[in-house]
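Reading the structure
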Amino acid sequence: MNNLTPILEKKLINRNTLLNNTEHTYSNDASLNRRALVVGQGIHIQGTFNDVETLIVEGTIETSSIKLKKLVIQQSGVFRGTVESQDIEITGILEGNITAQGNLTVTASGKLLGKAKCRRLKVEDGGQVTGQVEMITTDKLKQTSAVDYSNNKEEVVTEEVKSSAT
């Protein structure tokens, strides 16, 4: 009988070493320290997600509805569904209805297909938006602007809505 005790080796994997050189690194992103979910390339997930603060999509996710603090869709990532988040960054493809209480960024390789509501919008040169975009404002006299980007025509609809809060 052998009296040698097995040695268990504990390896810590740095997420940034797994990313390709062309992908964004998240070392300075404090939001990744708590309740983050990374869906790797080649993985397809359907269903409901609870208690996720940051979602990084490199594979494919299909969900009816999810609430987050931050959603990042990498170049290989596809997200289908309804999402409400503080910030959304699209480098891959997002199909569905989204609400970004803060920033919505569509990078040069990003595609947004569907309806979006956001406070701040940034579309880099080459980024694609197909659908409807509505800007969120917090003024007492709300100014709502919707832009229809489908069929390569731009139609701006503006209406004033009085806020019930005083």
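Along each chain, numbering runs from 1 in the same order as the chain's sequence is written. Only residues with pLDDT of at least 70 get local features here, since the model is predicted, and only at 80 or more are side-chain atom pairs given and counted; chain-wide, interface and lining totals rely on the full set of residues. Excluded from the side-chain calculation are hydrogens and water; included are all heavy atoms of the structure.

**Some remarks on the overall build of the protein**
Segments assigned H or I by DSSP are reported as helices when at least four residues long, segments assigned E as strands when at least two residues long, and all are numbered from the N terminus. Scanning the protein from terminus to terminus reveals one helix and ten strands. Starting at the N terminus and ending at the C terminus, the protein contains elements arranged as α-β-β-β-β-β-β-β-β-β-β. Relative accessibility decides the category of a residue: with a 1.4 Å probe and only protein chains considered, values under 20% of the type maximum give buried, values over 50% give exposed, and everything between is partly exposed. A burial count over the protein gives 34% of its 166 residues as buried. Two residues qualify as a contact provided that any one of their heavy atoms is within 4.5 Å of a heavy atom in the partner residue. For the protein, the proportion of contacts with a sequence separation of at least 24, taken over those separated by at least 6, is 7%. Working definition of accessibility: Shrake-Rupley area with a 1.4 Å probe, residue cover restricted to the visible protein chains. Put simply, the protein shows about 10900 Å² of open surface, and 47% of that area lies on carbon and sulfur atoms.

**Description of the nonpolar core**
Formed by 24 residues in total, the largest nonpolar core has its most connected members in Leu55, Leu71, Phe79, Ile88, Leu94, Leu104 and Leu112. When contributions to this core are tallied by element, the ones reaching two or more residues are strand E3 (54–57), strand E4 (60–73), strand E5 (78–90), strand E6 (93–106), strand E7 (111–123) and strand E8 (128–135). Ignoring anything within four residues of it in the chain, the contact list for Ile88 reads Leu71, Val83, Leu94, Ile98, Thr99, Ala100, Asn103, Leu104 and Thr105. By nonpolar core we mean a set of buried residues, namely Ala, Val, Leu, Ile, Met, Phe, Trp, Tyr and Cys, connected to one another through side-chain atoms within 4.5 Å.

**Regarding the confidence of the model for the protein**
As a per-residue measure, pLDDT tells how confident the predictor is, with possible values from 0 to 100. Mean pLDDT over the protein works out to 77, with 63% of the residues at or above the 70 mark. Below a pLDDT of 50 lies the segment residues 140–144, which in the model reaches 21 contacts outside its immediate sequence neighbourhood of four places, other chains included. Counted against residues more than four places away or in other chains, residues 152–166, with its pLDDT under 50, gives 29 contacts.

**Remarks on the pattern of salt bridges**
We define a salt bridge as a side-chain nitrogen of Lys or Arg found within 4 Å of a carboxyl oxygen belonging to Asp or Glu. Counting across every chain of the model gives three salt bridges. Glu53 is the salt-bridge partner of Arg35, the closest N and O atoms lying 3.1 Å from each other. On the criterion of sequence distance, the pair formed by Arg35 in the loop between helix H1 (15–18) and strand E1 (36–39) and Glu53 in the loop between strand E2 (44–46) and E3 is long-range, its members being 18 residues apart. Taking the relative accessible area as the measure of exposure, Glu53 reaches 12% and is therefore buried. With a shortest N-O distance of 3.3 Å, Arg80 and Glu95 are connected by a salt bridge.

**A look at unusual backbone geometry**
Of note in this structure, Asp51 is not a glycine but carries a positive phi near 60°. Of note, Asp51 is situated in the loop between E2 and E3. Among the residues examined, Asp51 registers a relative accessible area of 60% and is labelled exposed.

**Some remarks on the side chain of Thr63**
Inspection of the secondary structure assignment puts Thr63 in strand E4. Here a polar contact is recorded for every N or O atom pair within 3.5 Å, except that within protein the pair must consist of a potential hydrogen donor and a potential acceptor, and residues adjacent in sequence are included only if both atoms are side-chain atoms. Here the side chain of Thr63 touches Gly47 through a polar contact of 2.7 Å, landing on its backbone oxygen. The residues contacting Thr63, other than those within four sequence positions of it, are Gly47, Thr48, Phe49, Phe79, Arg80, Gly81 and Thr82.

**Some remarks on the pairing of E5**
When DSSP finds at least two bridges between two strands, those strands are taken to pair. In the sheet, E4 pairs with E5 via eleven bridges, with the strands oriented parallel. Residue Leu68 lies in a different strand from E5, and its bridge partner there is Ser85. Alignment of E5 against E6, held across eleven bridges, turns out to be parallel. By the bridge assignment for E6, Glu89 is matched with Thr105.

**Some thoughts on the environment of Gly59**
Tracing the backbone through its elements, the reader meets Gly59 in the loop between E3 and E4. Separated by 33 residues in the primary sequence, Gly59 and Gly92 place their C-alpha atoms 9.7 Å from one another. Setting aside anything within four residues of it in sequence, one finds Gly59 in contact with Val39, Gly40, Gln41, Gly42, Ile43, Ser76, Gly77 and Val78.

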